[in-house]
Amino acid sequence: MLTPRPAVLRKLVDEYETLRESGADEHHPQARDLAYTLCVSTGTRDVRHALETARQWLDAASAADAAGRHTDDGPHVYA
């Protein structure tokens, strides 16, 4: 499965969480769009699972960077 670049995934998660914290519910058009994109990006069907998967991937990318392994090599969904 292709995965998004960590920076792109971080931006999606941050935008979704910021929108939800501002009081927007899951029916808000931008929240729906972000939830859909997160689900497609993580191969999930529920935004809660998408956020959980995204956080796991971001943690793994951070650990790889800390270990000196570059995580932006190889195929990605987003350029």
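Everything here concerns the structure above.
Remember, it's a predicted structure, so these values are computed and weren't measured experimentally.

What counts, and at which threshold
- Residues numbered from 1 in each chain as written.
- Predicted model: local features only at pLDDT ≥ 70, side-chain atom pairs only at ≥ 80, totals over all residues.
- Heavy atoms only, no water.
- Helix = DSSP H or I, 4+ residues; strand = E, 2+ residues; numbered from the N terminus.
- Expected span 1.5 Å × (residues − 1).
- Buried < 20%, exposed > 50% of the residue type's maximum accessible area, 1.4 Å probe, protein only.
- Arc of directions from axis to C-beta.
- Contact = heavy atoms within 4.5 Å.
- Polar contact = N/O pair within 3.5 Å; in protein donor to acceptor, adjacent residues only side chain to side chain.

Engineer: Honestly, helix H3 (residues 47-66) in this entry has me stumped. Any pointers?
Structural biologist: Within an α-helix, residues lying three or four positions from one another point in the same direction, as the helix has 3.6 residues per turn. In this model H3 runs 28 Å from its N-terminal to its C-terminal C-alpha over 20 residues, within 8% of the 28 Å that 1.5 Å per residue would give. Taken as a whole, H3 has its buried residues at Val 47, Ala 50, Leu 51, Thr 53, Ala 54, Leu 58, Ala 61 and Ala 64. The buried residues of H3 all sit within an arc of 165° when viewed along its axis, so they share a single face. Facing away from the buried side of H3 by more than 90 degrees, the exposed set consists of Arg 48, Asp 59 and Ala 66. Against helix H1 (6-21) and helix H2 (29-42) lie the buried residues of H3. The distance from a side-chain oxygen at the start of H3 to the backbone nitrogen of Arg 48 is 2.8 Å, and the residue carrying that oxygen is Asp 46. Note on H3: the residue one or two positions beyond its end, Gly 68, has a positive phi of about 90°.

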